[in-house]
Amino acid sequence: MKFIGLNSLLGSVEISKLFISLFLLTNIGLYYDNMRSLIFLGQFLLFVVVIIKLKNFRVNKDIGFATGIFIFFTFALMSVFWSNNASLTLQSIFLLGKCVALAICLVIVIKDINDLKLVYAMLAISGLIYGILFIENLSLNDVSSGRLKTYDDTIPNVNVVASTLMFSVIYFFSVLLKTKSKFISLLFIASVVVIFLLGSRRAIIFSVVGVLAIAYKNIKFNNIGLIFLLVISIVLIFNIIPDDYSNYIFGKFNGLLTLSKLDDSDELRRNLLTAGLRYFIESPILGSGYYAFSSKYLQDYYESYYAHNNYIETLVGVGLIGFVAYYGIYFLIIRNCLLLLKTKNLTQDSDFLYLTVVILFAWLGGQLFITLSNDRFTWMLLAATSCVTPVLKKCR
């Protein structure tokens, strides 16, 4: 009897896809301190797939993505020499390095359109799980301070979690339009409910913008079913959350729309923006060191805050050079998708390209209000979207 070799087993399509799925599930959906053993297991499984697939790896992926990563990471590392706080910069670069390494591994294991669609689906599912687990640590009844309360200081920032849910909402809505699946309907409803429970105004707004952009291209005006789903989602929201919490959420939206009346969060963001622009002008080309904004702000105002704006955080940290390198990655991916859209007929591939562009624009919009350049999901998203045009060109 001939035994199956380890390489043959791990090289099989099903096992590889399972390992990729488990990696995304553990490193996105279960990315909490008390899940570290599962997180490391997921990374190990990804590395196993990478080792197997490296044997047949060909450099047919987006060169712009690799170039952008190399320039951005190298420049961020060099910024230690002129950083306002070298130890903080080194610590941040270490976290960036882990995110970049995992992103490169993900690019290596995405071989075809099936791998790519699997990664998109698992990012959406994992994002939903991430949000559901966060709610377990959320006190919906205590909003007296104007901020959400959590039972554990080690859990992620609520806006980071909500940004992940933003991807889930847009993705599930896009798939729902095509499949009319009851299961996808439930996932979409759950995503809408959870992102509203998290209460991040910006994530909710850009989720709505993304859904409208997808609807504009695909929805039929006689599709009453989707409208019914949205109504169900709203009804569920109002039946789940306490009255005080709903008042808190709508009060924050009202403050966002009424510029003459800013809440504490908006006032802080305005002060951070003003300080960030001043810090950028002090060193516009090289910056003050990767993630050094909080250190400079602490020196001036005796409080430590990130910029709450990824554009400002990047400009202050790595200047125009790092800014162009980082956002050049987004620009090249979006440009390549738009160019390929012009050459393809209205097929499922064009829908996939359009979805990618919408998600990236929503993600860029969300970065006006949150710092995400060291966020793991952001780099997984960039890795996946950078594979879209090379994979689709290969399929043609």
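Residues numbered from 1 in each chain as written. Predicted model: local features only at pLDDT ≥ 70, side-chain atom pairs only at ≥ 80, totals over all residues. Heavy atoms only, no water.

**Side note on the overall build of the protein chain**
Working step 1: Per the secondary structure count, the protein chain includes 17 helices and 2 strands.
Working step 2: Evaluated residue by residue, the protein chain yields a buried proportion of 55% over its 396 residues.
Working step 3: For the protein chain, the proportion of contacts with a sequence separation of at least 24, taken over those separated by at least 6, is 77%. (Helix = DSSP H or I, 4+ residues; strand = E, 2+ residues; numbered from the N terminus. Buried < 20%, exposed > 50% of the residue type's maximum accessible area, 1.4 Å probe, protein only. Contact = heavy atoms within 4.5 Å.)

**Topic: helix α7 (residues 158-179)**
Residues that lie three or four places apart on an α-helix share one face, since the helix turns once every 3.6 residues.
Working step 1: The end-to-end C-alpha distance of α7, which contains 22 residues, comes to 31 Å, matching closely the 32 Å that a straight helix rising 1.5 Å per residue would cover.
Working step 2: The buried fraction of α7 amounts to 20 of the 22 residues, a majority that puts the element mostly inside the structure.
Working step 3: With a side-chain oxygen lying 2.7 Å from the backbone nitrogen of Asn 159, the N-terminal cap of α7 falls on Asn 157.
Working step 4: Lys 180 sits one or two residues past α7 and shows a positive phi near 55°. (Expected span 1.5 Å × (residues − 1). Polar contact = N/O pair within 3.5 Å; in protein donor to acceptor, adjacent residues only side chain to side chain.)

**Observations regarding the confidence of the model for the protein chain**
Working step 1: The predicted model of the protein chain has a mean per-residue pLDDT of 82, with 77% of residues at 70 or higher.
Working step 2: Model confidence for the protein chain, summarised as mean pLDDT per element, is weakest for helix α1 (residues 6-11) at 46 and strongest for helix α16 (residues 376-386) at 95.
Working step 3: Low pLDDT (under 50) marks residues 1-11, which in the prediction has 11 contacts with non-local residues, meaning those over four places away or in another chain.
Working step 4: Taken as a whole, residues 143-147 scores under 50 in pLDDT and shows 9 contacts with residues more than four places along the chain or in a different chain. (pLDDT = per-residue confidence, 0-100.)

**Some points on the packing of aromatic side chains**
Working step 1: Applying the stated criterion across every chain, the model contains 26 aromatic pairs.
Working step 2: When the ring of Tyr 326 is compared with that of Trp 379, the centres are 5.8 Å apart and the planes differ by 65°; the resulting orientation is edge-to-face. Of the two residues, Tyr 326 is situated in helix α14 (residues 310-343) and Trp 379 in helix α16; the sequence distance between them amounts to 53 residues. Just as Tyr 326 is buried, Trp 379 falls in that class too.
Working step 3: Aromatic ring contacts, followed pair by pair, group Phe 72, Tyr 290, Tyr 291, Tyr 306, Tyr 311, Phe 323, Tyr 326, Tyr 327, Tyr 330 and Trp 379 into a single cluster.
Working step 4: If you follow Lys 296 out to its NZ or CZ, it ends over the ring of Tyr 279, 5.1 Å from the centre. (Phe/Tyr/Trp six-rings, centres within 6.5 Å; stacked < 30°, edge-to-face > 60°. Lys NZ or Arg CZ within 6 Å of the ring centre and 35° of its normal.)

**Let's talk about the packing of helix α6 (residues 113-135) against helix α8 (residues 182-198)**
Working step 1: Between α6 and α8, the shortest axis-to-axis distance is 10 Å and the interhelical angle comes to 45°. Here α6 is positioned oblique relative to α8, judged by the angle of their axes. Crossing angle aside, the handedness with which α6 passes α8 is left-handed. From α6, Leu 128, Gly 131, Ile 132, Phe 134 and Ile 135 reach across to α8, where they touch Leu 187, Ala 190, Ser 191, Val 194, Leu 197 and Leu 198. (Axes fitted to C-alpha atoms, helices over the stretch in contact; angles between N-to-C directions. Parallel < 35°, antiparallel > 145°, perpendicular 65-115°, else oblique. Left-handed = near helix turned anticlockwise from the far one by under 90°.)

**So, the pattern of salt bridges**
Working step 1: Following the criterion strictly, the structure yields 6 salt bridges and no others.
Working step 2: Asp 115 is the salt-bridge partner of Lys 17, the closest N and O atoms lying 2.6 Å from each other. Of this pair, Lys 17 sits in helix α2 (residues 13-29) while Asp 115 sits in helix α6, and the two are 98 residues apart along the sequence.
Working step 3: Across the salt bridge formed by Asp 300 and Arg 278, the nearest N and O atoms sit 3.4 Å from each other. You can see Asp 300 sitting in helix α13 (residues 293-301) and its partner Arg 278 sitting in helix α12 (residues 264-282), a full 22 residues away along the chain.
Working step 4: Taking relative accessible area as the criterion, Arg 278 reaches 33% and is therefore assigned partly exposed. (Salt bridge = Lys/Arg side-chain N within 4 Å of Asp/Glu carboxyl O.)

**Some thoughts on unusual backbone geometry**
Working step 1: One non-glycine residue with positive phi stands out, namely Tyr 291, at about 60°.
Working step 2: If you trace the backbone, Tyr 291 turns up in the loop between α12 and α13.
Working step 3: Even without being glycine, His 308 reaches a positive phi, approximately 60°.
Working step 4: In this fold, His 308 is placed in the loop between α13 and α14.

**What about the environment of Arg 335?**
Working step 1: Take Arg 335: it is sitting in helix α14.
Working step 2: By relative accessible area, Arg 335 is classed as partly exposed at 39%.
Working step 3: Residues Arg 335 and Val 357, 22 residues apart in the sequence, show an inter-C-alpha distance of 8.9 Å.

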